[in-house]
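Residue-level structure breakdown
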Number of protein chains: 2
Amino acid sequence: MISQENASGTPSAAAPQQTRRAQPVTLRQVAEAAGVSTATVSLVVNKKKTARISDETRKRVHDAIRDLGYRPNAMAQNLVSGSSRFIGLVADAIATTPFAGQIIHGAQDEAWKHGYALLIANTEGNRELETDAIAMMLEYKVRGILYSTWFHRATDVPDSLRESDFVLVNCFAEEPGARAVVPDEVQGGRSATEVLLKHGHRRIAFINATIPAPAKDGRLQGYREALDAEGIPFDEGLVLEAYPDQEGGYGATEALLKLDVTAVYCYNDRMAMGLYDGLREQGLSIPDDIAVVGFDNQEVIAAHLRPPLSTVSLPHYELGAAGVRMLLGLDEAQGHGPEKIYCPTVERNSVRALAPA
Amino acid sequence: MISQENASGTPSAAAPQQTRRAQPVTLRQVAEAAGVSTATVSLVVNKKKTARISDETRKRVHDAIRDLGYRPNAMAQNLVSGSSRFIGLVADAIATTPFAGQIIHGAQDEAWKHGYALLIANTEGNRELETDAIAMMLEYKVRGILYSTWFHRATDVPDSLRESDFVLVNCFAEEPGARAVVPDEVQGGRSATEVLLKHGHRRIAFINATIPAPAKDGRLQGYREALDAEGIPFDEGLVLEAYPDQEGGYGATEALLKLDVTAVYCYNDRMAMGLYDGLREQGLSIPDDIAVVGFDNQEVIAAHLRPPLSTVSLPHYELGAAGVRMLLGLDEAQGHGPEKIYCPTVERNSVRALAPA
DNA sequence: AAAGTTTGCTAAAACGCTTGATCAGGTGAT
DNA sequence: ATCACCTGATCAAGCGTTTTAGCAAACTTT
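Procedures and definitions
- Residues numbered from 1 in each chain as written.
- Chains lettered and ligands numbered in written order.
- Predicted model: local features only at pLDDT ≥ 70, side-chain atom pairs only at ≥ 80, totals over all residues.
- Helix = DSSP H or I, 4+ residues; strand = E, 2+ residues; numbered from the N terminus.
- Rg over C-alpha atoms; globule rule 2.2 N^0.38 Å.
- Buried ≥ 20, exposed ≤ 12 C-beta atoms within 10 Å, placed from the backbone.
- Contact = placed C-beta atoms within 7 Å.
- Pairing = 2+ DSSP bridges.
- Axes fitted to C-alpha atoms, helices over the stretch in contact; angles between N-to-C directions.
- Near = placed C-beta within 6 Å.
- Nonpolar A, V, L, I, M, F, W, Y, C, P; charged D, E, K, R; others polar.
- Parallel < 35°, antiparallel > 145°, perpendicular 65-115°, else oblique.
- Left-handed = near helix turned anticlockwise from the far one by under 90°.
- pLDDT = per-residue confidence, 0-100.
- Expected span 1.5 Å × (residues − 1).
- Bend = angle between axes of the 7 residues up to and from the residue.
- Least-squares fit on C-alpha atoms with pLDDT ≥ 70 in both.
- Right-handed = clockwise from strand over helix to strand, strands pointing away.

Comments concerning the overall build of chain A
- The helix and strand inventory of chain A stands at 13 helices and twelve strands.
- By the compact-globule yardstick of 21 Å for 357 residues, chain A is too spread out, its C-alpha radius of gyration being 28 Å.
- Counting only C-alpha atoms, chain A reaches 85 × 45 × 35 Å along its principal axes.
- Of all 357 residues assigned to chain A, the portion counted as buried reaches 52%.
- For chain A, restricting intrachain contacts to residue pairs at least 6 apart in sequence, the fraction spanning at least 24 positions comes to 70%.

As structure tokens, this is what we get:
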């Protein structure tokens, strides 16, 4: 039963309070209500500059649209335009970290800015799900796909991904054609170290991760570069390694204490969190006895440790945004390799100027 | 729609390695390649039982599909079928908490199970963005919209939301027609308290939040119910209040210690985290000197505190899943009010059996 | 007043797909 | 032979838009 009465002519006051959940109102219905052709309605809806429509007609159409509560059917629009207004985003761990959320957020904002909607699929590392997800996106004829991982790593490009334009986000592949955007780990490592340097620390330990990753190499290199820039010789002995989580950080306490440093830069915030525990157990106070910086800026942790942790932020939002820009070809063409995104420093209270000895 | 074809008969060697990024292959092209009508192709693609197609033709079609790398155009399918295969999910804080991620995850899994894709928009609390997001979903003629918030609260229903089917997820509205699914805070509070009770604790403090919320009332009521069930009189004096974050928990330490309790149930994990710090400073050990349970099961925190925190899990995944089930009318009709989702207990090591005095 | 121009609008094709109606040819029963 | 009935496929309409070409009427020019 599709009966909707509405006074035409008099700008009926009634808001679109029909029984909803009925078939959506179509262009044709608007046209009939306004007593014009569908072409005309389309023209006014899309505000075509080239079209010549009298003010009177335009008004009738607008009234009809309002009375009926018309919404264009985006799928029909996509169909005729030949290109969809979708960008796909496949993420491997939406549920397990807030990081994915920020990538989504960034991608979304940027996509919307250009009139695209985001089609998201979350695979939680399941290969089959991933294939299905990509297939789904392909069937929706997405403009392109953002393939993102929750931590920075090398990945291989699923076959079906190649059927579309794509950009790797927070990951990369050796493959020639694979565009990618990743955080600038080296710069981040440099920044982290510089925070300490800036406060007068010279003897700085670095607790690196045990497990191989671009972050492991990059953050170490950044550390060395920062030291270098200050003319401080790199001391291999000041670099510890531990599993990159709380336990690891906690466990590294003892070794760290033997190093006789005034500051320590942790591979990530979780290690810093563990280290906090270890240090506290030893009766040491942060930042007075030892300054600590982390990496990742994992909000729940970093901002709420006691004292709040100075750290370097992983630019997930920017990663997402840059990803869609790259996909859309909006970024100035990159030289070679993945585009590197800047990791900003977030200073809180775990670092204090070193009291002159 | 996720259709998967696989090689039939001679596995023709050529993989779909065309120059991609070209116009997608259409049904018509497949039909021409196979020398049949589009109707035929459609019939074999959709495996119509009622259609009579010879094996030979079927094979020719499959070959053509494979050679051309055909993917159905989901939007065209949606158009003709009259109903889209989208479910919208608007979230207010995808970026700031992992919680939203779990809602998404749950919604996604359930939606896919029923052949729906998830259209996600993240509003970060911005009303205008929200309106746009809903408009977008309406234009894609979504089957319905899940309106979710990152913490359990009352909300009002945006006008445009009413243009579609919708269910509120993790929030609720007084409005009669508004279906909703929320966590069962009372049961959660009961469970949290029961963990302590089960270990022999009888004198249990509850550090509640200062800010009003369904959780505040529910978790308190659960606490009372659990005590009641054990015949322990409710002692108003054992209920503290603090701002529900680390600082709040930390700050509550002093007052807590005056209570002479053997266990404490915190409004949430973040307070527990702060309390850990406070307790440690007083030289108290968890769980030996005092047992602690939290609420929320915020992974980054709860699982990695020292000792790992026993807590009650907020069922975000289930919330998302139940949301789409409700939207799709798959759940047995509810009585009245929001559907309440069970909050499971997660026992870790912050509670130990009370040594008999 | 005839010719040209502008204005305001519409007809109709196209986008990629689904599906009920239809049809040509073959088979089996009468 | 005739009829009825399968079988295997095709025709064509239609989903909700956009857009180009075109048309009638009104308005300018000469």
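Brief notes about the sheet that holds strand E7 (residues 239-242) of chain A
Residue and element names in this part refer to chain A.
- The four strands lie next to each other as E7-E6-E8-E9, forming an open sheet whose pairing is parallel. With partners counted over all chains shown, the strands left at the sheet margins are E7 and strand E9 (291-293), one partner each. Looking at each pair of strands side by side, their axes are set apart by 20 degrees on average, direction ignored.
- Here four bridges tie strand E6 (residues 204-209) to strand E8 (residues 263-266), and the two strands are oriented parallel to one another. Residue pairing across strands places Phe206 opposite Tyr265, the latter belonging to E8.
- Most of the contacts of helix H8 (residues 214-229) go to E6, to which it runs at about 170 degrees, and overall it touches E6, E7 and E8.
- Together, E6, E7, E8 and E9 form the strand contacts of helix H11 (residues 269-281), whose direction differs from that of E8 by roughly 140 degrees.

Section: the protein's contact with DNA strand D
- Close to DNA strand D lie 27 residues; A:Leu27, A:Ala39, A:Ser42, A:Asn73 and B:Ala39 are nearest.
- Within the residue set of the surface near DNA strand D, elements represented by two or more residues are helix H1 (27-34), helix H2 (38-45) and helix H4 (74-81) of chain A together with helix H2 (38-45) and helix H4 (74-81) of chain B.
- For the surface near DNA strand D, the residue count by class is 13 nonpolar, twelve polar and two charged.

Things to note about the interface of chain B and chain A
- Listed by partner, the interface residues are 53 residues for chain B and 53 residues for chain A.
- At the level of elements, H4, helix H5 (98-113), strand E2 (117-122), helix H6 (127-139), helix H10 (269-281) and helix H11 (299-302) of chain B are the ones that each hand at least two residues to the side of chain B that touches chain A.
- In terms of residues, the side of chain B that touches chain A owes the most to one element, H5(B), which gives seven residues.

Remarks on the packing of helix H9 (residues 246-258) of chain B against H10(B)
Residues and elements named next belong to chain B.
- The N-to-C vectors of H9 and H10 enclose an angle of 40 degrees; their axes lie 6 Å apart at closest approach. By the angle class used here, H9 and H10 are oblique. The two elements H9 and H10 cross, and the hand of that crossing is right-handed. Residues Gln246, Glu247, Gly248, Gly249, Tyr250, Ala252 and Thr253 of H9 lie in contact with H10, whose contacting residues are Arg270, Met271, Ala272, Met273, Gly274, Leu275, Asp277, Gly278 and Leu279.
- Split by residue class, the contact of H9 with H10 holds seven nonpolar, six polar and three charged.

As for the confidence of the model for chain A
- On average, residues of chain A score 91 in pLDDT, and 93% of them reach the 70 mark or higher.
- Every residue in residues 1-19 of chain A is under pLDDT 50, and counting partners more than four places away or in other chains gives 15 contacts.

A look at the protein's contact with DNA strand C
- In the neighbourhood of DNA strand C, 27 residues make up the surrounding shell, with A:Thr57, A:Val80, B:Leu27, B:Ala39 and B:Ser42 lying closest.
- In terms of residues, the surface near DNA strand C owes the most to one element, H2(B), which gives five residues.
- Tallied by class, the residues present in the surface near DNA strand C amount to 13 nonpolar, twelve polar and two charged.

Things to note about the sheet that holds strand E6 (residues 204-209) of chain B
Residue and element names in this part refer to chain B.
- The sheet built from four strands is open, its strands ordered E7-E6-E8-E9 with parallel pairing. In this open sheet, the two edge strands, each paired with only one partner strand, are strand E7 (239-242) and strand E9 (291-293). Looking at each pair of strands side by side, their axes are set apart by 20 degrees on average, direction ignored.
- In the sheet, E6 pairs with E7 via four bridges, with the strands oriented parallel.

Observations regarding the packing of H1(A) against helix H3 (residues 55-68) of chain A
All names here are of chain A.
- One way to put it is that H1 packs onto H3 with a least axis distance of 9 Å and a crossing angle of 125 degrees. On the basis of the axis angle, H1 is oblique to H3. As for the relative orientation of H1 and H3, their crossing is right-handed in sense. For the pair H1 and H3, contact is made by Gln29, Val30, Ala33 and Ala34 and by Arg60, Val61, Ala64, Ile65, Asp67 and Leu68, respectively.
- A class-by-class count of the residues in the contact of H1 with H3 yields seven nonpolar, one polar and two charged.

Let's talk about H10(B)
Residue and element names in this part refer to chain B.
- Between its first and last C-alpha atoms H10 spans 18 Å; for 13 residues at 1.5 Å apiece the expected length is 18 Å, and the two agree.
- Across the 13 residues that make up H10, a large majority, ten, are buried.
- At the exit of H10 stands Gly283, carrying a positive phi of roughly 75 degrees.

Comments concerning H9(B)
Residue and element names in this part refer to chain B.
- At Ala252, H9 shows its maximal bend, which comes to roughly 35 degrees.
- Where H9 is buried, its residues meet E6, E7, strand E8 (263-266) and H10.
- One or two positions beyond H9, positive phi appears at Asp260, with a value near 60 degrees.

A word on the relation of the copies chain B and chain A
- With an axial shift of 0.0 Å and an RMSD of 0.1 Å, the rotation relating chain B to chain A amounts to 180 degrees. Overall, the copies show the geometry of a two-fold rotation axis. Nearest to the rotation axis, the C-alpha of B:Pro98 is located 2.2 Å from it, this being the minimum over chain B.
- Most of the interface of chain B is mirrored in chain A, where 96% of its interface residues are also at the interface.

Quick word on the pairing of strand E1 (residues 86-91) of chain B
Residue and element names in this part refer to chain B.
- Counting buried residues along E1, six of its six residues qualify, which places the element largely inside the surrounding structure.
- The side-chain alternation of E1 yields two buried faces, one formed by Phe86, Gly88 and Val90 and the other by Ile87, Leu89 and Ala91.
- Pairing analysis gives six bridges linking E1 to E2, with the strands arranged parallel. Along E2, the bridge assignment pairs Leu89 with Ile120.
- Between the parallel elements E1 and E2, the chain passes through H5 in a crossover that is right-handed.

Overview of the environment of B:Arg306
- With respect to the helices and strands, B:Arg306 occurs in the loop between H11 and strand E10 (311-312).
- Between the C-alpha atoms of B:Arg306 and B:Asp288, which are 18 residues apart in sequence, the distance is 13 Å.

Quick look at the pairing of strand E3 (residues 144-154) of chain B
- Both E1(B) and E3(B) contribute to a ladder of five bridges, which runs parallel. Paired with B:Gly88 across the two strands is B:Ile145, which belongs to E3(B).

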